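The lines below spell out each chain.
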There are 2 protein chains.
Amino acid sequence: MKVAKFGGSSLASAEQVEKVVAIIESDPKRRFVVVSAPGKRSSDDQKVTDLLLAVCTRLCAQEEITDLIEEIYARYTAIAAPFGIEQVHLDRIWQSLAAFQTLPTQDNPHLYDTVLASGEDNNAKLIAGILQSRGLAARYMNPQELGLLVTDEPQNARILNKSYAKIAQWRDSPEILVIPGFFGYTEAGEICTFSRGGSDISGAIVAAGLQVELYENFTDVDGIFSAHPGYVHHPESIKEVTYREMRELSYAGFTVLHDEALMPSYHAKIPVVIKNTNNPSHPGTLITNQRDNLDQPVIGVASDEGFCMIYIRKYLMNREVGFTLRVLEIFREFDLNYEHMPSGIDDISIIMRSNQLNPVLEEELLRKIAYEIDPDELRMTHDLSMVVVVGEGMRQRVGITADSTAALARKNINLEMINQGSSEVSIMFGIHKEQEKAAVRTLYYTFFD
Amino acid sequence: MKVAKFGGSSLASAEQVEKVVAIIESDPKRRFVVVSAPGKRSSDDQKVTDLLLAVCTRLCAQEEITDLIEEIYARYTAIAAPFGIEQVHLDRIWQSLAAFQTLPTQDNPHLYDTVLASGEDNNAKLIAGILQSRGLAARYMNPQELGLLVTDEPQNARILNKSYAKIAQWRDSPEILVIPGFFGYTEAGEICTFSRGGSDISGAIVAAGLQVELYENFTDVDGIFSAHPGYVHHPESIKEVTYREMRELSYAGFTVLHDEALMPSYHAKIPVVIKNTNNPSHPGTLITNQRDNLDQPVIGVASDEGFCMIYIRKYLMNREVGFTLRVLEIFREFDLNYEHMPSGIDDISIIMRSNQLNPVLEEELLRKIAYEIDPDELRMTHDLSMVVVVGEGMRQRVGITADSTAALARKNINLEMINQGSSEVSIMFGIHKEQEKAAVRTLYYTFFD
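Going by the annotation in an unreviewed UniProt entry, the name recorded for chain A is Aspartokinase, with Enterococcus casseliflavus given as the source organism. Quoted verbatim from the Function (unreviewed entry) field of the UniProt record, the comment on chain A reads "Catalyzes the phosphorylation of the beta-carboxyl group of aspartic acid with ATP to yield 4-phospho-L-aspartate, which is involved in the branched biosynthetic pathway leading to the biosynthesis of amino acids threonine, isoleucine and methionine."

What follows is the structure in structure tokens.
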């Protein structure tokens, strides 16, 4: 039994939906289908979700939305056209869109959630109708009926644990259930969405609740590459990766999946496969709790820019109990997150995402640290990138670090920071932004090819 | 103008004191002499300080101390013998020792301080007498008269800042002042000692107060070696080292000087030279705030054993604000210090000195972390050593890290941890204890020879 989740680009047009139908038909184990809203058909197209956002804006401004809901409805009918589905499905979609006119716009914390969720919800209705038109026993399944209960946090809902047991009751459903992604219901019956891009999390929740053998996540790429294709010419794609490796890769810019989306399947130990709707015979990338084949110690090289580093040095700092604690308390006071904190004997560096700071805040932060810590040296370095070499079982192999640093040295790439914890999974290098691409490239060619 | 401090082995016998006198005579800039108590004359000898400790124990047990104070007195008279000094100096020493009999032993928090400090104090009286017998204008200077005021913390005194201005008034003293190290006076006039080995700190305080050009610290070695002579055959000695480098080296087992002892000279920017009383023509090792000659990027390889590492992994840990803060608060609660805290995306390692833990405490700590953090993985690694490659300006040289890791890989030495912060001064490697010696050796031969 499998859960198959299809992303927006896989459902953008009738042509794409035809591929989705073929995928569902080809494997009788695909009993649960989770769908996103229709995505872009071309790079200058608009997603249904973007149109729905515009609806929200207009509703709040008390403006007319008829043209917008007609445009949205047209997206669904265009997809439906070649399949000759029953009109009742389309009528239900139209009614749902027309109902936006009657939504209260004052003091309605669920306005955005209700409007945006309709993109997925109506698409589930549509896809269920299309599957029926092909003679498959399929039906639309509302998340409330399914038992997908969430916290009442508009646009940032979290799953309630009791949902899993409720969802489990649908294991033996005689029909293929088509479930809209991206949202659930509060216990009071309100719609609440996950953070944006959250259809992946719906799929993971359903997979965990049903304890399926596999969660298939269909996208428009052949899985995950071992390096950024913009940096490395035709990088290898990864056959199998562990959740831990995936996390390290996604941290540094591998954005095929929201990493938080994998939490439910990670905890339920359900393997996930990333596959390509446009190339379904490609095996894709399998994400598992553990992988046995460790022949290749390095599985990927990832990178991300936009970091900065605060350097604090104070003679005999090491002897001061609670020193780091004070620094972190300042960070909490400023509501800042740090990423890493390598330390010497008398110095410490705090690496953080630059987008949390602006020049005013940065000055305040440094002034606070100067006042509270009274350091001998305090310095901010901007424009850092993090480059991560990832692979389970790197620990088994002496010399991965040596090979990495030698490769970087040969290219005259200076290391601002190295972070190799007890992690068996990664080594991280902090380097200047301008050298990021060169670093990724040289590290990739060190471990691949 | 210079402060010259002589350690216990430099003052252990008449023969040694003869060398000290020659050193003082040879440079008219040596106007301030700080002395330790007489040390061991051979490896099976007792230091005067050890005899004084025995005096304390006996006093507390209400036991007879006559034989002990006679033995101590005999040490001073043996040193004095060849110099033919005036008897008055020796009489004063005897009176000071005899006065122990009248010290209150109940409710006297300064008992140990008073008795132990006499080792240095009487030696200063003796050396002053010896210098006079050679026709030098020298006099014994009591720390109270000098203005060396400390906090009232028995056996753990800290300098009071006002001392520096008081000491400065003695700059133009017409006589060579011979000052006992190791202790000062509280504002109430009580004797309080620094932590043991603290004569070095007296020297640094006097040097800082007088703003001398150089603080000479005379020991029994030709300065600081670039690696442990027990690990590397005839390691090079270091000509010049910065305070920062010195700190990193002393952290990992280079124990020529108490690193805290250097605090006053560090802040006053006074250079310190470590010299050998037995080989005074050797230039020794100069410790400065900044050094200009960075031709050799690595200055030393140090190591220390006795570390352990707690590994904590939790999926999406990185997203939890305040996670590290919680871990550190647990450490504070247990009154534990950590040394380093390298982190991955979802994991963190806390490296600490093992001697802070025992099996019971360790279990309590791990249980507390498990309860508060609820990690996916929690693990303790024992028997780690830290190996540090130290050198200012390593940052200028791409490839030090590469050369280091390559050397370790060639010897099949596995890295549990690498810590290269923004520190320009060091890279630290965490390795298993059994590989420590091999690691130091291969790193030394990579950068020296």
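That covers the picture; the talk isn't over yet.
This brings us to the environment of Met 394 of chain A. As for its placement among the helices and strands, Met 394 of chain A is situated in the loop between strand S13 (377-390) and helix H13 (400-410). Between the alpha carbons of Met 394 of chain A and Ile 23 of chain A there is a distance of 37 Å; along the sequence they are 371 residues apart.

What follows deals with the interface of chain B and chain A. Interface extent is often summarised as the accessible area lost during association of the parts. Counting from both sides, the interface comprises 62 residues of chain B and, opposite them, 62 residues of chain A. Both faces considered, chain B and chain A share a buried interface measuring about 5,900 Å² in area, 51% of it formed by carbon and sulfur atoms. Area buried by chain B at its contact with chain A is led by Arg 247, Tyr 315 and Ile 345 of chain B, which between them contribute 14% of it. Our count for the chain B to chain A interface comes out at four salt bridges. For the pair chain B and chain A, the number of links is nine residue pairs in polar contact (both at pLDDT 80 or more). Looking at the side of chain B that touches chain A, the elements with two or more residues in it are helix H9 (243-251), helix H10 (263-267), strand S11 (300-313), helix H11 (323-333), strand S12 (347-353), strand S13 (377-390), helix H13 (400-410) and strand S14 (417-420) of chain B. Taken together, the residues that form the side of chain B that touches chain A break down as 26 nonpolar, 18 polar and 18 charged. Bridge analysis of strand S14 (residues 417-420) of chain A against S14 of chain B gives three bridges, and the strand direction is antiparallel. Bridge pairing in S14 of chain B places Gln 420 of chain A opposite Ile 418 of chain B.

All names here are of chain A. Taken together, the side chains of Arg 410, Lys 411, Lys 437 and Arg 441 present a region of like positive charge at the surface. By secondary structure assignment, the location of Lys 437 is in helix H14 (residues 436-447). Take Lys 437: its relative accessible area is 39%, and that puts it in the partly exposed class.

Turning next to the pattern of salt bridges. Residues and elements named next belong to chain A. By the definition in use, this model includes 53 salt bridges over all chains. Of the charged contacts in the structure, one is a salt bridge between Glu 216 and Lys 2, with a shortest N-O distance of 3.8 Å. Pair noted here: Glu 216 is in strand S7 (residues 214-219) and Lys 2 is in strand S1 (residues 2-6), with a separation of 214 residues, a long-range link. Comparing Glu 216 with Lys 2, the two get one shared label, buried. Note that Lys 368 and Glu 372 form a salt bridge whose closest N and O atoms lie 3.7 Å from each other.

Residues and elements named next belong to chain A. On the basis of which strands lie adjacent, the open sheet formed by eight strands has the order S3-S4-S2-S1-S7-S9-S10-S8 and mixed pairing. The sheet is open, and its two edges are formed by strand S3 (138-140) and strand S8 (240-242), each paired on a single side. Each strand axis lies, on average, 20 degrees off the axis of its neighbour in the sheet, ignoring direction. The pairing of S1 with strand S2 (residues 30-35) spans five bridges and is classified as parallel. Bridging across to S2, Phe 6 finds its partner in Val 35. Sitting on the sheet, helix H1 (residues 14-26) touches S1, S2, strand S4 (176-180) and S7, and the angle it makes with S2 is about 155 degrees. Against the sheet, helix H8 (residues 199-210) touches S1, S2, S4 and S7, its axis set at about 155 degrees to S2.

Turning next to the state of the cysteines. All names here are of chain A. Applying the stated criterion across every chain yields a total of zero disulfides over all chains. Sulfur of Cys 60: no disulfide; nearest cysteine sulfur belongs to Cys 56 and is 6.7 Å away. On the basis of relative accessible area, Cys 60 is assigned to the partly exposed category, the value being 40%.

The subject of this paragraph is the sheet that holds S13 of chain B. Spatial strand order, S12(A)-S11(A)-S13(A)-S15(A)-S14(A)-S14(B)-S15(B)-S13(B)-S11(B)-S12(B): ten strands in an open sheet with antiparallel pairing. Either end of the sheet is taken by a strand with one partner, and the two such strands are strand S12 (347-353) of chain A together with S12 of chain B. Strand-to-strand twist across the sheet, computed as the mean angle between neighbouring axes with direction ignored, equals 30 degrees. Of the strand pairs in this sheet, S13 of chain A and strand S15 (residues 426-432) of chain A are connected by seven bridges, and their pairing is antiparallel. Considered in S15 of chain A, the bridge of Val 390 of chain A is made with Ser 426 of chain A. H13 of chain A rests against S13, S14 and S15 of chain A together with S14 of chain B of the sheet, and its axis sits at about 15 degrees to S15 of chain A.

All names here are of chain A. Of all five residues making up strand S9 (residues 272-276), five are buried, and the element is well covered by its neighbours. Here S9 shows a buried face lined by Val 272, Ile 274 and Asn 276 and a second buried face lined by Val 273 and Lys 275. Bridge count between S7 and S9: five bridges; the pairing is parallel. Residue pairing across strands places Asn 217 opposite Ile 274, the latter belonging to S9. In terms of strand pairing, S9 meets strand S10 (residues 285-288) through three bridges, oriented antiparallel.

This next bit is on the packing of aromatic side chains. Within the structure shown, the criterion is met by twelve aromatic pairs over all chains. Seen in terms of ring centroids, Phe 6 of chain B and Phe 218 of chain B are 4.8 Å apart; in terms of plane orientation they differ by 15 degrees. Their pairing is stacked. Of this pair, Phe 6 of chain B sits in strand S1 (residues 2-6) while Phe 218 of chain B sits in strand S7 (residues 214-219), and the two are 212 residues apart along the sequence. An identical accessibility class is assigned to Phe 6 of chain B and Phe 218 of chain B; each is buried. Every member of this aromatic cluster is reached through a ring pair, and the members are Tyr 444, Tyr 445 and Phe 448 of chain A. Over the ring of Tyr 140 of chain A we find Lys 125 of chain A; its NZ or CZ atom is 5.8 Å from the centre of that ring.

To continue, consider the packing of helix H1 (residues 14-26) of chain B against helix H5 (residues 111-133) of chain B. All names here are of chain B. Taken N-terminus to C-terminus, the directions of H1 and H5 make an angle of 60 degrees; their axes are 11 Å apart at the nearest point. Here H1 and H5 pass one another in a crossing that is right-handed. Contact residues: Val 17, Val 21 and Ile 24 in H1; Ile 127, Ile 130 and Leu 131 in H5.

Calculation rules
Residues numbered from 1 in each chain as written. Chains lettered and ligands numbered in written order. Predicted model: local features only at pLDDT ≥ 70, side-chain atom pairs only at ≥ 80, totals over all residues. Heavy atoms only, no water. UniProt positions renumbered as here; feature names shortened; annotations may be inferred. Helix = DSSP H or I, 4+ residues; strand = E, 2+ residues; numbered from the N terminus. Contact = heavy atoms within 4.5 Å. Buried area = accessible area lost by both parts, 1.4 Å probe. Salt bridge = Lys/Arg side-chain N within 4 Å of Asp/Glu carboxyl O. Polar contact = N/O pair within 3.5 Å; in protein donor to acceptor, adjacent residues only side chain to side chain. Nonpolar A, V, L, I, M, F, W, Y, C, P; charged D, E, K, R; others polar. Pairing = 2+ DSSP bridges. Patch = residues over 30% accessible without salt bridge, like charges linked within 9 Å, V, L, I, M, F, W, Y side chains within 5 Å. Areas by Shrake-Rupley, 256 points an atom, 1.4 Å probe, with all protein chains shown as cover. Lys, Arg positive; Asp, Glu negative; His and termini not counted. Charge placed at Lys NZ, Arg CZ, Asp CG, Glu CD. Buried < 20%, exposed > 50% of the residue type's maximum accessible area, 1.4 Å probe, protein only. Axes fitted to C-alpha atoms, helices over the stretch in contact; angles between N-to-C directions. Disulfide = S-S within 2.5 Å. Phe/Tyr/Trp six-rings, centres within 6.5 Å; stacked < 30°, edge-to-face > 60°. Lys NZ or Arg CZ within 6 Å of the ring centre and 35° of its normal. Left-handed = near helix turned anticlockwise from the far one by under 90°.

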